[in-house]
Amino acid sequence: MKKIEAIIRKTKFEEVKEALLAADIEWFSYYEVRGQGKMRQERIYRGVMYNTSSIERMLVNVVVRNKNVEKTIAAITQAAQTGEIGDGRIFVIPVEDTVRIRTGERGDIALYNAEQEE
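Quick caveat, the model's predicted, so the values are computed rather than measured.

Colleague: Even after reading the chapter, I still don't get the side chain of S29, so can you show me in this structure?
Modeller: For S29, the location among the structural elements is in strand 2 (residues 29–36). There is a polar contact of 3.4 Å between the side chain of S29 and the side chain of Y31.

Below you can see the structure in the form of C-alpha cells.
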C-alpha cells in the first residue's frame, strides 16, 4: 500500500477530484493548505505592498493498493497540470499497515469492501 499526497492548485481541485473518481479512486481526503515555493514576490495593490510568497494550495491524500499507484498518479498529473510554475508536487509514501476500525480487518482489504475486490 502507498499513501499519495498531492499538493495542487486550488483552481485544479475539482478537475483532480473528477479524475480520481473516474479512475475508481473513491476515497480520499483533502485540505486547504498554505506553503511557500521558490518564487518570492511582492505586489502592490491600491498602494499597499503585499508579500505573495505564501501560496494557497490543496493537499489531497489517498491511500491505495500497490496496483493502483500508477493510475492514481496519472489521474492527478493529467488533471492538475497546466505546464506553468506552481503546478504542485506528488509524494508517494509507503504504508506499513491499515486497520478498519469497525471490523478490525487489516491490510489491503481494510481499504475496500470485500465485494469490491477484483
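Colleague: Help me understand helix 1 (residues 13–22) in this model?
Modeller: For helix 1, the set of buried residues is F13, V16 and L20. Seen end-on, helix 1 carries its buried residues on one side only, within an arc spanning 60°. For helix 1, the secondary structure elements touched by its buried residues are strand 1 (2–9), strand 2, strand 5 (54–64) and helix 2 (69–80). Among the residues trailing helix 1, D24 stands out with phi positive, at a value near 65°.

Colleague: Explain the pattern of salt bridges here, please?
Modeller: If charged atoms from side chains of opposite charge come close, those side chains can pair. Evaluated as defined, the whole model comprises 9 salt bridges. A salt bridge links K10 to E56, with the shortest nitrogen-to-oxygen separation between them at 3.3 Å. Of this pair, K10 sits in the loop between strand 1 and helix 1 while E56 sits in strand 5, placing them 46 residues apart in sequence. The exposure class of E56 is partly exposed, given its relative accessible area of 42%. Within the structure, one salt-bridge network assembled from shared partners comprises K10, E32, R34 and E56.

Colleague: Help me understand the environment of D87 in this model?
Modeller: Position of D87 relative to the elements: it lies in the loop between helix 2 and strand 6 (88–94). Sequence-wise, D87 and K10 are 77 residues apart; in three dimensions their C-alpha atoms are separated by 10.0 Å. Among residues more than four places away in sequence, those in contact with D87 are I7, I8, R9, A80, Q81 and T82. At a separation of 3.0 Å, a polar atom in the side chain of D87 contacts the side chain of R9.

Quick notes on the rules
- Along every chain, residues carry numbers that run from 1 in the direction the sequence is written.
- Whole-chain, interface and lining totals are the exception, using all residues; otherwise, since this is a predicted model, local features are given only for residues with pLDDT of at least 70 and side-chain atom pairs are given and counted only at 80 or more.
- Only hydrogens and water are set aside; all other atoms, that is, all heavy atoms of the structure, feed into the side-chain values.
- We count a stretch as a helix when DSSP gives it H or I for four or more residues in a row; a strand needs E for two or more, and each element gets its number in order from the N terminus.
- Under this definition, polar contacts are N or O atom pairs within 3.5 Å; protein pairs additionally need one hydrogen-donor-capable and one acceptor-capable atom, and for neighbouring residues in sequence, both atoms have to be side-chain atoms.
- For every residue, the accessible area (1.4 Å probe, protein chains only) is compared with the maximum for its type, and the residue is labelled buried under 20%, exposed over 50%, or partly exposed between those bounds.
- By arc we mean the arc of the directions from the helix axis to the C-beta atoms, nothing more.
- When checking whether two residues touch, look at their non-hydrogen atoms; a contact exists if any pair is within 4.5 Å.
- Note on definitions: salt bridges are taken to be side-chain nitrogens of Lys or Arg within 4 Å of carboxyl oxygens of Asp or Glu.

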